[in-house]
Amino acid sequence: MADHILTEPTGNFGSKKCSLHKKVLELYCPQDAACVCVFCCLVGEHRGHQVELLDEASEKKKKKLRKYLEELNPQKAEVQRKLQNLQDRQRNLQEKASGKRKKVRKLFMDIKEQLEMAEKKALSEISRQEEKIVSQISDLIKKLEIEEDELSRKMRHVEEMCQVTDPIRLLQERGDGEDTGGDGEDTGGDGGEGRSEEDLDEVLISLTLLRSMRDVVTNVTSQLGLHVADILLDEDTANGYVKISEDLKTGTGTEEEQDRPESPGRFLFYPQVLSRCGLSSGRHYWEVEWDQKGECAIGLSYPSIEREGLWSSIICNDKSWCLVISSAVCEACHRLVISPLSADTTCPRIGVFLDYEAGRLSFYQLCDPIRHLHTFTAAFSEPLHVAFFVCDGASVRIIS
């Protein structure tokens, strides 16, 4: 058997034979992608076709497969890289969420401790006032009880004198009431009660609670790394058709032009206003409330924004970032790029978060639950001033 061709043993030798001629499959027809026998090439349906020996055809296919494998290897490596990145992100996110949960739990433990301290302070103040006033009232009660006993004694003596039948004895004995002409003494009981008795000082109790609550809020914002900005509007920048409230917190679009002196910082073309102070570092948070009338824009702007002309609008300026709100739409606008947002226009309060160094400006709709509306990212290069655009009677208020 030196010249015989041997193959691996098989339990299904029928698969190696032609189903039509029952001969061994020895050739391959590339045209029909089929293994064939000699009779298929001579008299069968593959007559005239270019055929190859199985080994040659097998080697050609292996060569193609190896080439395809080479192409798949970098694809697999790329998928593995992306998979690893996603797994890393997933793990990092889970670790971050776990850390955040621990911080929140600790924060609330601190808040509970502070609330308990605030409760103790308020209750202690109530007890202190109660003890002081009750002590004063007790002193008055004792004094009045003594006066009552003395009056009772005098009354009994007078009654006894009234029962005396001997005129000489009655006239010779001096009565207690005769010192004041018979009208009786002024014990001063009413005056003493009015001078000493007090009510609880509810204002003092409320201030004790208020100060404690303020300390709680200050501690929370400090631990969260947030500064709750106290923002005031700058009348010197307000357009003539923007009315500013006395507390400098509200800007309202009006049809009647306001009587204001000329100012180089005043907006002349659009109903806009900027805040007095700019934010140039740190993480800040504040809230604004729209009265759900007309159209308004809420955002931030560089102080170098133009004051007149078409490009002075904070809605389409490259020096401002804002949220445009009306009863029909909610859009994020910057540099003439308008991004429609899905928002509940019946929810009037918006939270604004600025991380200056990170170049992040985010807007949140303060409904229940709170919804993230949009985040701008930029490399800020100037101080950022709060900016309002109010038209058609719209009014926007800064909530401190």
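The structure under discussion appears in the preceding block.
Residues numbered from 1 in each chain as written. Predicted model: local features only at pLDDT ≥ 70, side-chain atom pairs only at ≥ 80, totals over all residues. Heavy atoms only, no water.

Examining the nonpolar core
1) Next: Of all hydrophobic cores here, the largest spans 38 residues; its most connected members are Trp286, Leu323, Leu361, Phe363 and Phe388.
2) Next: Ignoring any residue separated from it by four or fewer positions in sequence, one finds Phe388 in contact with Leu233, Pro271, Gln272, Val273, Val288, Ala297, Ile298, Ile314, Val396 and Ile398.
3) Next: The next biggest cluster of nonpolar side chains, apart from the first, holds 13 residues, and it includes Tyr270, Leu274, Ile305 and Cys333. (Core = buried A, V, L, I, M, F, W, Y, C linked by side-chain atoms within 4.5 Å. Buried < 20%, exposed > 50% of the residue type's maximum accessible area, 1.4 Å probe, protein only. Contact = heavy atoms within 4.5 Å.)

Here we look at the sheet that holds strand β9 (residues 295–301)
1) Next: With antiparallel pairing, the six strands of this open sheet are ordered in space as β7-β16-β9-β10-β11-β12. Only two strands of the sheet have a single partner each, and these edge strands are β7 (272–274) and β12 (337–340). The mean angle between the axes of side-by-side strands here comes to 20 degrees, regardless of whether they run parallel or antiparallel.
2) Next: Of the strand pairs in this sheet, strand β10 (residues 320–325) and strand β11 (residues 330–334) are connected by four bridges, and their pairing is antiparallel. Bridging from a neighbouring strand, Leu323 pairs with Ala332 of β11. (Pairing = 2+ DSSP bridges. Helix = DSSP H or I, 4+ residues; strand = E, 2+ residues; numbered from the N terminus. Axes fitted to C-alpha atoms, helices over the stretch in contact; angles between N-to-C directions.)

Re the environment of Gln136
1) Next: Relative to the helices and strands, Gln136 is located in helix α2 (residues 54–162).
2) Next: With 127 residues separating them along the chain, Gln136 and Pro9 place their C-alpha atoms 115 Å apart.

Focus: the sheet that holds strand β3 (residues 52–53)
1) Next: A sheet is described by the order of its strands in space; here three strands give the open sequence β2-β1-β3, paired in antiparallel fashion. Each having just a single partner strand, β2 (34–36) and β3 make up the two edges of the open sheet.
2) Next: In this structure, strand β1 (residues 27–29) lies alongside β2, joined through three bridges in antiparallel fashion. Paired with Leu27 across the two strands is Val36, which belongs to β2.

Considering the side chain of Thr250
1) Next: Note that Thr250 resides in strand β6 (residues 250–253).
2) Next: A distance of 2.6 Å separates a polar atom in the side chain of Thr250 from a polar atom in the side chain of Arg397.
3) Next: Excluding its chain neighbours within four sequence positions, the residues that come into contact with Thr250 are Leu233, Lys243, Ile244, Ser245, Ser395, Val396 and Arg397. (Polar contact = N/O pair within 3.5 Å; in protein donor to acceptor, adjacent residues only side chain to side chain.)

Describing the pairing of strand β14 (residues 360–365)
1) Next: As paired strands, strand β13 (residues 349–355) and β14 are joined by six bridges and run antiparallel to one another. Looking at the pairing, Phe353 lines up with Ser362 of β14.
2) Next: The hairpin turn running from β13 into β14, its antiparallel successor, is four residues long, and Gly359 in that turn takes a positive phi close to 65 degrees.
3) Next: Hairpin connection from β14 to strand β15 (residues 371–377): five residues lie between these consecutive antiparallel strands.

Quick notes on helix α5 (residues 202–223)
Note that an α-helix has 3.6 residues per turn; residues three or four places apart therefore point the same way.
1) Next: Compared with the 32 Å implied by 1.5 Å per residue over 22 residues, the 32 Å span of α5 between its first and last C-alpha is a close match.
2) Next: When we look at burial in α5, the residues that qualify are Ile205, Ser212, Val216, Val220 and Thr221.
3) Next: If you follow the buried residues of α5, they end up packed against α2 and β4 (227–228). (Expected span 1.5 Å × (residues − 1).)

Considering empty space enclosed by the protein
1) Next: Enumeration over the complete set of coordinates arrives at one cavity of 30 Å³ or more.
2) Next: Its volume calculated, the largest cavity comes out at about 70 Å³.
3) Next: For the lining of the largest cavity, the per-class residue count stands at eight nonpolar, two polar and two charged. (1 Å grid on protein atoms, 1.4 Å probe; cavity = no way out; pocket = protein on both sides within 12 Å on 5 of 7 lines; lining within 4 Å. Points joined across faces, edges and corners; volume = space filled by probe spheres on them. Nonpolar A, V, L, I, M, F, W, Y, C, P; charged D, E, K, R; others polar.)

Observations concerning the packing of α2 against α5
1) Next: Where α2 meets α5, the axes come as close as 9 Å, and the angle between the chain directions of the two elements is 165 degrees. Looking at the two axes, α2 sits roughly antiparallel to α5. Between α2 and α5 the crossing geometry is right-handed. Across the interface between the two elements, Leu107, Asp110, Ile111, Gln114, Leu115, Ala118, Lys121, Ala122, Glu125, Ile126, Arg128 and Gln129 from α2 touch Leu204, Ile205, Thr208, Leu209, Ser212, Met213, Asp215, Val216, Asn219, Val220 and Gln223 from α5.
2) Next: Taken together, the residues of the contact of α2 with α5 sort by class into 12 nonpolar, six polar and five charged. (Parallel < 35°, antiparallel > 145°, perpendicular 65-115°, else oblique. Left-handed = near helix turned anticlockwise from the far one by under 90°.)

Overview of the environment of Ile325
1) Next: With respect to the helices, strands and loops of the structure, Ile325 is situated in strand β10.
2) Next: Once the C-alpha coordinates of Ile325 and Trp290 are considered, the two residues, 35 residues apart in sequence, prove to be 8.6 Å apart.
3) Next: Non-local contacts of Ile325, meaning those with residues more than four positions away in its chain, are made with Trp290, Gly294, Glu295, Cys296, Ile298, Cys330 and Ile350.

Digging into the pairing of β10
1) Next: Where burial is concerned, most of β10 is hidden: six out of the six residues are buried.
2) Next: Here β10 shows two buried faces, one formed by Ser320, Cys322 and Val324 and the other by Trp321, Leu323 and Ile325.
3) Next: Sheet analysis places β9 next to β10, joined by six bridges and oriented antiparallel. Looking at the pairing, Ser301 lines up with Ser320 of β10.
4) Next: Linking β10 back to β11 in an antiparallel pair, the connection comprises four residues.

Brief notes about a nonpolar patch on the surface
1) Next: Residues Val38, Phe39, Leu42 and Val43 make up a contiguous nonpolar surface patch of about 360 Å² in total accessible area.
2) Next: With respect to the element layout, Val43 can be found in the loop between α1 (38–42) and β3.
3) Next: Judged by relative accessible area, which is 55%, Val43 ranks as exposed. (Patch = residues over 30% accessible without salt bridge, like charges linked within 9 Å, V, L, I, M, F, W, Y side chains within 5 Å. Areas by Shrake-Rupley, 256 points an atom, 1.4 Å probe, with all protein chains shown as cover. Salt bridge = Lys/Arg side-chain N within 4 Å of Asp/Glu carboxyl O.)

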